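# Observations on the model geometry
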Amino acid sequence: MPSEESPLRQSLSIREVSALIRTRLWLQIIIAMVLGVAVGLPLSPESGGPLALNGDTAAALGEWLTLPGALFLNMIQMVVIPLVATSIILGLTSAGDADFLRRAAVRIVPYFVATTTVAVLIGLGLSLWLRPGDYVQQDLLTLPPGQASVDIAGGAPQIGAGLADTIANLIPASISAASLHSNMLQIVVASVFAGAAIAALGRARTATLTGLLESVQQVSLKIVGWAMFLAPAAVFGLIADFVIRAGATALAGMSAYIFTVLAGLAVLLVFYLLLVAVLGRTSPLHFLKQVGGAQLLAFSTSSSAATMPLSLKTAEDRLGVKPEVAGVIIPLGATVNMDGTALYQVVAAVFIAQMFGVQMEPATLALLIVTVVGASIGSPSTPGVGIVILATLLGGLGIPAEGVAILLGVDRLLDMSRTALNVTGDLTACVIMNRWL
């Protein structure tokens, strides 16, 4: 009898596993990541195996591998502006109290600045202690100086603009111009003004407009839901392309630098868990279990914006955050709360300085801290933006900007890692602000 029941039990087990995979996005992403690495390693030109591709073939294959990822990210970016705007506006108006904005601003702005400063100090302390630049292979320094860094810096934001102009430009003179240039910080500020005005007027006078905004939000979320069907394929292609291009040699040659960044991010994660336990009165293990799906999606897409819909759902459904709090904190955090990126930038700056033998005096280090904290606020929540801002920062600090070219080979891995921490920081802020507000 047992032998007759075992095939039935095996069949049920297979069906259960299939159902689990279909209903768990995080599990699909993990499987896609593992498959991407398994496919990419033997195809990498540096592997030297029988399946290794030459450079041109690898580049051509990479274009097709990343096609699902490009489609996924473009679909998300297509609706991210209306989704951010409606989420902030509806989050402010759903509180039913105009005083909510004042209380939120008084708490969340200092909180974001403080956590970003802590992240920068963690990165600076580790990079000065471990000195990863001293372990760089000298052949890496023979890259064509300035070639890659000039191209990168050309698209970087103008961080050195005057403080008065920077403050004035927070308020968009034209909403259409802010949307055209995807200036998310201006979109956030405009949305805050709109939400505060609607809340001040009251629901009776703004019911029609609020209903329209809710419809826009639901349409945006529906498109995001369609995009999520592409997420596993997108993750597979992006990971496979990265492994093919980087190969094991690049990872080994930059191992000290990679370890320093990842160690800093690990310390930052522990810091978040302490905040969750002490300020949020939530179990760190429970928090980690609930946010795992959002972390995986952020890791695989390298985009806080692409992860924002899942972050909103995670905050409300899994962490029990009130919609009015999550609707403000998540979009705002995806725009201005870039702790992982800030940590990475300071480690990369010190690493390049050590690599080229540039001595950094205390005054230079202080300027680096202030500059990185300021530059990380308002960074676009799209893949690769950290390396763009870094190229701009280095020139102003007297550090050779051509060193950025050396980081390009492993930047994708670190971009994925720091984005996962950025999203974790947003969800940490949600838990804490849900209690404070």
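One can find the structure itself at the top, above this paragraph.
Residues numbered from 1 in each chain as written. Predicted model: local features only at pLDDT ≥ 70, side-chain atom pairs only at ≥ 80, totals over all residues. Heavy atoms only, no water.

### Considerations on the overall build of the protein
Each helix and strand in the protein was counted, giving 19 helices and 0 strands. Across the 437 residues that make up the protein, the buried fraction comes to 49%. When the accessible surface of the protein is split by element, carbon and sulfur atoms take 66% of a total near 19,700 Å². (Helix = DSSP H or I, 4+ residues; strand = E, 2+ residues; numbered from the N terminus. Buried < 20%, exposed > 50% of the residue type's maximum accessible area, 1.4 Å probe, protein only. Areas by Shrake-Rupley, 256 points an atom, 1.4 Å probe, with all protein chains shown as cover.)

### What to know about a nonpolar patch on the surface
A grouping of Ile 167, Leu 170, Ile 171 and Phe 193 is seen on the molecular surface, where their side chains present a nonpolar patch of about 390 Å² in accessible area. You can see Ile 171 is positioned in the loop between helix 7 (163–168) and helix 8 (175–180). (Patch = residues over 30% accessible without salt bridge, like charges linked within 9 Å, V, L, I, M, F, W, Y side chains within 5 Å. Salt bridge = Lys/Arg side-chain N within 4 Å of Asp/Glu carboxyl O.)

### Observations regarding the side chain of Arg 418
Tracing the chain through its elements places Arg 418 in helix 19 (residues 404–436). Note on Arg 418: relative accessible area 0%, which makes it buried. Within the structure, the side chain of Arg 418 is placed 3.4 Å from the side chain of Asp 415, a separation counted as a polar contact. (Polar contact = N/O pair within 3.5 Å; in protein donor to acceptor, adjacent residues only side chain to side chain.)

### Quick look at the side chain of Asn 422
Summarising the element assignment, Asn 422 is placed in helix 19. Setting aside residues no more than four positions away along its own chain, Asn 422 makes contact with Ser 304, Asn 337, Met 338, Asp 339, Gly 340 and Thr 341. (Contact = heavy atoms within 4.5 Å.)

### Side note on the packing of helix 14 (residues 304–318) against helix 15 (residues 323–336)
At their nearest, the axes of helix 14 and helix 15 sit 10 Å apart, and the two run at 160 degrees to each other. As the angle between them shows, helix 14 and helix 15 are arranged roughly antiparallel. Regarding helix 14 and helix 15, the two cross each other, and that crossing is right-handed. Residues Ser 304, Met 308, Ser 311, Leu 312, Ala 315 and Glu 316 of helix 14 lie in contact with helix 15, whose contacting residues are Pro 323, Ala 326, Gly 327, Ile 330, Pro 331 and Ala 334. For the contact of helix 14 with helix 15, a count of residues per class yields 8 nonpolar, 3 polar and 1 charged. (Axes fitted to C-alpha atoms, helices over the stretch in contact; angles between N-to-C directions. Parallel < 35°, antiparallel > 145°, perpendicular 65-115°, else oblique. Left-handed = near helix turned anticlockwise from the far one by under 90°. Nonpolar A, V, L, I, M, F, W, Y, C, P; charged D, E, K, R; others polar.)

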